[in-house]
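The chain contents come next:
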Amino acid sequence: MKRGFPMSYFWGMCSPKRMFASRTMFGWGKLVFIFVFLTACLLIPVSLHFVKQESFDLESLMPNMMKQVDDTFVSKVTASYQLQNGVLAGQPSETLQESNNGVAMVKLGDTNEPDAKNMLVLGKTSMELRDGSGYTFTVQYTNDTSLADVTNAEDMQAWISSQWFLQNKAFVFLTMSAMLGSVLFASSLMLALFAALFIWFTKRNQMSEIRSYKEALSLTLLALGLPTLFATVIGIIYFDITVMMAIQSLGMVLMIAFTFIKTRFRQTDDILELGGRTG
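Residues numbered from 1 in each chain as written. Predicted model: local features only at pLDDT ≥ 70, side-chain atom pairs only at ≥ 80, totals over all residues. Heavy atoms only, no water.

- Under the annotation held in an unreviewed UniProt entry, the protein carries the name Maltodextrose utilization protein MalA and is attributed to Listeria newyorkensis.

1. A closer look at the UniProt feature "transmembrane region" (unreviewed entry) in the protein
- According to UniProt, the positions carrying the feature "transmembrane region" (unreviewed entry) are residues 171-201, 221-239 and 245-261.
- Taken as a whole, residues 221-239 contains 89% helix and 0% strand, while its terminal C-alpha atoms sit 23 Å from one another.
- End C-alpha to end C-alpha, residues 245-261 measures 24 Å, and it is 100% helix and 0% strand. (UniProt positions renumbered as here; feature names shortened; annotations may be inferred. Helix = DSSP H or I, 4+ residues; strand = E, 2+ residues; numbered from the N terminus.)

2. Examining helix α8 (residues 213-237)
- Counted at 1.5 Å a residue, the expected span for α8 with its 25 residues is 36 Å, and the 36 Å between its end C-alpha atoms agrees.
- The sharpest bend along α8 measures roughly 35° and falls at glycine 225, with the proline proline 227 sitting one to four residues further on. (Expected span 1.5 Å × (residues − 1). Bend = angle between axes of the 7 residues up to and from the residue.)

3. Observations regarding the nonpolar core
- Within the largest apolar cluster, 41 residues are counted, with the highest numbers of intra-cluster contacts made by Leu122, Leu129, Trp159, Ile160 and Trp164.
- Aside from chain neighbours lying at most four places away, what touches leucine 122 is Phe73, Val77, Leu88, Met105, Val106, Lys107, Leu108, Met127, Tyr141 and Trp159.
- Listed in part, the 26 residues of the second largest apolar core include Leu38, Leu219, Leu221 and Ile256. (Core = buried A, V, L, I, M, F, W, Y, C linked by side-chain atoms within 4.5 Å. Buried < 20%, exposed > 50% of the residue type's maximum accessible area, 1.4 Å probe, protein only. Contact = heavy atoms within 4.5 Å.)

4. Description of the sheet that holds strand β4 (residues 102-107)
- If you trace the 5 strands from one edge of the open sheet to the other, you get β3-β4-β5-β6-β7, paired in mixed fashion. The open sheet has two free edges, formed respectively by β3 (94-99) and β7 (136-140), since each of these has just one partner strand. Mean inter-strand twist for the sheet, computed between neighbouring axes without regard to direction, equals 10°.
- Alignment of β3 against β4, held across 6 bridges, turns out to be antiparallel. By the bridge assignment for β4, threonine 95 is matched with valine 106. (Pairing = 2+ DSSP bridges. Axes fitted to C-alpha atoms, helices over the stretch in contact; angles between N-to-C directions.)

5. Notes on the pairing of strand β1 (residues 81-84)
- Of the two faces of β1, the one lined by Tyr81 and Leu83 is fully buried and the one lined by Gln82 and Gln84 carries no buried residue.
- For β1 and strand β2 (residues 87-90), the ladder comprises 4 bridges, and the chain directions are antiparallel. If you follow leucine 83 over to β2, its bridge partner there is leucine 88.
- Taking the residues that link successive antiparallel strands as the turn, the β1-β2 hairpin has 2 residues, and the phi of asparagine 85 there is positive, at about 50°.

6. Brief notes about a nonpolar patch on the surface
- On the surface, Ile44, Leu48, Val233, Ile236, Ile237 and Tyr238 cluster together to form a nonpolar patch covering roughly 580 Å² of accessible area.
- Elements represented by at least two residues in the nonpolar patch include exactly α3 (28-52) and α8.
- With 3 residues, the single largest contributor to the nonpolar patch is α8.
- Following the sequence through the fold, valine 233 ends up in helix α8. (Patch = residues over 30% accessible without salt bridge, like charges linked within 9 Å, V, L, I, M, F, W, Y side chains within 5 Å. Areas by Shrake-Rupley, 256 points an atom, 1.4 Å probe, with all protein chains shown as cover. Salt bridge = Lys/Arg side-chain N within 4 Å of Asp/Glu carboxyl O.)

7. Overview of the confidence of the model for the protein
- Here the protein averages 88 in pLDDT, and 94% of its residues register 70 or above.
- The least confident element of the protein, judged by mean pLDDT, is helix α10 (residues 269-277) at 55; the most confident is α8 at 95. (pLDDT = per-residue confidence, 0-100.)

8. Structural notes on the packing of aromatic side chains
- Using the criterion set out here, one finds 18 aromatic pairs in the structure.
- An angle of 5° between the planes, with centres 6.0 Å apart, marks the rings of phenylalanine 20 and phenylalanine 265 as stacked. Taken together, the residues phenylalanine 20 in helix α2 (residues 16-21) and phenylalanine 265 in the loop between α9 (241-263) and α10 connect sequence positions 245 residues apart. Each member of the pair phenylalanine 20 and phenylalanine 265 is classed as buried.
- Here tryptophan 164 and phenylalanine 171 contribute two aromatic rings whose centre-to-centre distance is 6.1 Å and whose plane-to-plane angle is 85°, an arrangement assigned as edge-to-face.
- Classification of tryptophan 164 by relative accessible area gives buried; the value is 0%.
- Its relative accessible area of 29% is what places phenylalanine 171 among the partly exposed residues.
- Clustering of aromatic rings is evident, with ring pairs tying together Phe5, Tyr9, Phe10, Phe26, Phe33 and Phe37. (Phe/Tyr/Trp six-rings, centres within 6.5 Å; stacked < 30°, edge-to-face > 60°.)

9. Remarks on the packing of helix α7 (residues 169-200) against α9
- Packing of α7 against α9 leaves a shortest axis separation of 11 Å and a crossing angle of 15°. As far as their axial angle goes, α9 and α7 are roughly parallel. Once α7 is placed against α9, the crossing between them reads as right-handed. Contact with α7, carried on its side by Leu180, Val183, Leu184, Ser187, Ser188, Leu191, Ala195 and Ile199, involves Ile241, Met245, Gln248, Ser249, Met252 and Ile256 of α9 and no other residues of that element. (Parallel < 35°, antiparallel > 145°, perpendicular 65-115°, else oblique. Left-handed = near helix turned anticlockwise from the far one by under 90°.)

10. Some remarks on the packing of α3 against α8
- The interhelical angle for the contact between α3 and α8, taken along N-to-C directions, is 15°, at an axis separation of 10 Å. By the angle class used here, α3 and α8 are roughly parallel. Here α3 and α8 pass one another in a crossing that is left-handed.
- Of the residues belonging to the contact of α3 with α8, the class tally is 17 nonpolar, 5 polar and 1 charged. (Nonpolar A, V, L, I, M, F, W, Y, C, P; charged D, E, K, R; others polar.)

Below, the structure written as structure tokens:
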């Protein structure tokens, strides 16, 4: 039975003998398509994880700004100011706390802000967050928020993170998805290229019938199929990018090992028959 692409790929990745029989079926364009497909599968758990995320550790993004929030500053804010319906009010109109590497302040009037690389400014209707790493955000207070539950620096940092996250979900989704997607893409690419190179070197052995790098890469991508799909399912159930990468790489090694055990990288009559069925 002749199978067209991409069904031929899914059929071929399901057993070691099929993988070896299918190694000559794909041109370079199809190999690129297969690699992009496998990488896209790994991105599904990443996207779902950040879509469902309800909080974000802003300290990991702006660590120096968060260091300006200490218990002394929090006690001044909670003792003198109230936040209701998205408006911060109280006296005095300005409270300033400076440290060696930044500033934390309350500014309810039109006074000038100090020039600091790391700064937290609580304004009348919004707060300004600035970090030496280069990030700067202006965050509007939500109407339903207050400082009633803020009693220490840890509470204040969590409150700042929650207010920031409510208005920057899209930024978090795009940034983190792009960053982790790049990691997965680079990891999968290096894994496939170096594994294929290792298989290609077996052509020096007269027993191996893998004669080109394209055949070796085809076999590698076939071996990546089931481990990648399994890693995707595990990532949807429990998201951990290191676990996903470990499952993919270990699974690929095992599939290649099973293929060698079953075929010794040589065409036998039953493998030739399998190859003929796929066209």
